[in-house]
Amino acid sequence: AAHFIEDELLRTITRQAESTITSSDGARSHTLKNSNRLVTPELYFEGAFGIKTGFTLGAGHTLVAVAERGGHTLISVVLATAEDSKEASARESSKLLSWGFDNHTWENQ
């Protein structure tokens, strides 16, 4: 995650809720939808982007997410939420990121 956030192109791509790509001849197009609900209207979180959503039987719905606010960046990692839904990891990430921004004292302040 720390290396990922250093790449501006990856940051830009993962901020997008969706994007349509078209074949070089223009004959086909596909809309790609971001499965990170923190960057979609569904559960939008200000400043959120990336990094990885997932699901395994052992870990349940998972999310590694990043958010930037006021020049500061936080990374959250959520595994094995108590709730078994596709939105649970985004809701828990939102809680973690909110808590971090609301309660952390930054060294440069």
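Worth saying up front: this structure is predicted, and the values here are computed from it rather than measured.

1. Some words on a nonpolar patch on the surface
Point 1. A contiguous nonpolar surface patch, about 270 Å² in accessible area, is contributed by L9, L10 and I13.
Point 2. Along the polypeptide, L10 turns up in helix 1 (residues 8-15).

2. Looking at the pattern of salt bridges
Between side chains of opposite charge, a pair can form when the charged atoms approach closely.
Point 1. All chains considered together, the criterion is met by seven salt bridges.
Point 2. Between R37 and E87 there is a salt bridge whose closest N-O contact spans 3.9 Å. A residue pair is termed long-range when its members are at least 10 positions apart, and R37 in the loop between strand 2 (29-33) and strand 3 (48-56) and E87 in the loop between strand 5 (72-78) and helix 2 (88-103) qualify at 50 residues.
Point 3. The class for R37 is buried, based on a relative accessible area of 19%.
Point 4. Taking relative accessible area as the criterion, E87 reaches 25% and is therefore assigned partly exposed.
Point 5. E92 serves as the salt-bridge partner of K95, at 3.1 Å between the closest nitrogen and oxygen. One end of the pair is K95 and the other is E92, both in helix 2 and three residues apart, which spans about a single turn.
Point 6. The exposure class assigned to K95 is exposed, which follows from its relative accessible area of 52%.
Point 7. Take E92: its relative accessible area is 32%, and that puts it in the partly exposed class.

The rules behind each value
Residues numbered from 1 in each chain as written. Predicted model: local features only at pLDDT ≥ 70, side-chain atom pairs only at ≥ 80, totals over all residues. Heavy atoms only, no water. Patch = residues over 30% accessible without salt bridge, like charges linked within 9 Å, V, L, I, M, F, W, Y side chains within 5 Å. Areas by Shrake-Rupley, 256 points an atom, 1.4 Å probe, with all protein chains shown as cover. Salt bridge = Lys/Arg side-chain N within 4 Å of Asp/Glu carboxyl O. Helix = DSSP H or I, 4+ residues; strand = E, 2+ residues; numbered from the N terminus. Buried < 20%, exposed > 50% of the residue type's maximum accessible area, 1.4 Å probe, protein only.

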